[in-house]
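Observations on the model geometry
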Amino acid sequence: MIGIDFPKIEFQLFGLELLEPMALITNSMLGLIALFFAHKTSKFKSKSPFYKYWKFFFFFFGIGVLLGGIGHTFYNQLGIYGKIQGWLLGPLTIYFAERAMVSVHWQPSKIKILNKLAIVKLIIVYTIFVILLMVSSDSKLSTQPFLPIAINTIIGLIGFVGILGFKYTNKLSAKFNYFWFGVLVLMPTALIFLLKINIHLWFDKNDFSHLIFCLGITYFYLGVNALDKGLKQKKQ
């Protein structure tokens with residue numbers, strides 16, 4: 001079904017009226033995968049900010065997604081406040097991915113400019129987010145404030161991870177192809193979300209997007225891991 005969302009699946013557990021069991025399952029799967037990648041990245045011995053920022057990306061992405069799953073399923077109990085916690089981590093997560101990719105640029109002047117751009121963008125998206133929380137009607141409060149976060153994610157991943165990753169593939173190392181390819185993998189999620197492409201009542205646009213994100217962030221980790229291995233080989 002395209003353009004229309006299915007009604008939320010309702011179920012009971014321990015006397016609680018809960019929603020969207022698949023959201024909890026797919027969010028948990030994606031969140032745990034991200035936290036696993038954060039754990040693996042934290043073991044890298046390199047002090048480069050590139051690995052540090054990717055570790056932060058995977059960690060905060062994982063926490064945000066797990067909170068998002070809780071917010072979906074326990075919406076009747078937590079209301080919009082259950083979703084806000086996960087939303088708040090979204091722009092920060094993308095900011096860490098941006099800082100990671102910028103940190104390995106070969107021109108110090110470009111690093112300064114791109115870092116300032118990332119900070120300004122972060123401030124703007126949080127400002128718009130807060131404004132929408134304040135002015136959105138009750139019927140749109142659970143979706144409208146998420147739009148600037150989704151748009152920021154698209155801009156950050158394409159502009160910083162995708163484009164810079166492609167440039168670095170030619171300039172620095174072929175191993176950076178994992179990053180821009182991961183972005184290509186993730187691009188359909190924007191259409192799935194915006195066009196409301198829902199395959200089945202038990203597999204809606206959110207579940208579909210989460211599975212694609214599992215693959216996309218896996219490519220990011222493969223890139224980080226491949227670069228770390230290449231660094232170790234050079235030292236040997």
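Quick notes on the rules
- Residues numbered from 1 in each chain as written.
- Predicted model: local features only at pLDDT ≥ 70, side-chain atom pairs only at ≥ 80, totals over all residues.
- Heavy atoms only, no water.
- Helix = DSSP H or I, 4+ residues; strand = E, 2+ residues; numbered from the N terminus.
- Buried < 20%, exposed > 50% of the residue type's maximum accessible area, 1.4 Å probe, protein only.
- Contact = heavy atoms within 4.5 Å.
- Expected span 1.5 Å × (residues − 1).
- 1 Å grid on protein atoms, 1.4 Å probe; cavity = no way out; pocket = protein on both sides within 12 Å on 5 of 7 lines; lining within 4 Å.
- Points joined across faces, edges and corners; volume = space filled by probe spheres on them.
- Nonpolar A, V, L, I, M, F, W, Y, C, P; charged D, E, K, R; others polar.
- Core = buried A, V, L, I, M, F, W, Y, C linked by side-chain atoms within 4.5 Å.

Quick word on the environment of Lys205
One can find Lys205 in helix α9 (residues 205-235). According to the relative accessible area criterion, Lys205 is buried, its value standing at 8%. Sequence separation between Lys205 and Thr189 is 16 residues, and the spatial gap between their C-alpha atoms is 8.4 Å.

Topic: the side chain of Thr41
Tracing the backbone through its elements, the reader meets Thr41 in helix α1 (residues 21-42). Not counting the four nearest positions on each side in its chain, Thr41 is found in contact with Tyr51, Lys55, Phe58, Tyr221 and Val224.

With respect to helix α5 (residues 108-135)
For α5, spanning 28 residues, the distance from its first C-alpha to its last is 41 Å, which sits close to the expected 40 Å at 1.5 Å a residue. Looking only at α5, the buried set comprises Leu114, Asn115, Ala118, Lys121, Leu122, Val125, Phe129 and Leu132. Tucked into the core, α5 has its buried residues touching α4 (81-102) and α6 (146-171).

Side note on the layout of surface pockets
By volume, the largest pocket amounts to about 1400 Å³. In terms of lining, the largest pocket is formed by 49 residues, of which the most central are Trp87, Phe146, Ala150, Phe193 and Asn206. Listed by contribution, the elements that provide at least two residues to the lining of the largest pocket are α1, α2 (49-73), α4, α6, α7 (177-186), α8 (188-194) and α9. It is α6 that contributes the most residues to the lining of the largest pocket, 9 residues altogether. Per-class residue counts for the lining of the largest pocket are 27 nonpolar, 15 polar and 7 charged.

Let's talk about the nonpolar core
One finds Phe50, Trp54, Phe179, Ile217 and Phe220 to be the most contacted residues of the largest nonpolar core, which totals 42 residues. The contact partners of Phe220, leaving out residues within four places of it in the chain, are Trp54, Phe57, Phe58, Leu157, Val161, Tyr178, Phe179, Gly182, Val183 and Leu186. In terms of nonpolar packing, the next biggest core, distinct from the first, is built from 6 residues, Ile84, Trp87, Phe129 and Ile149 among them.

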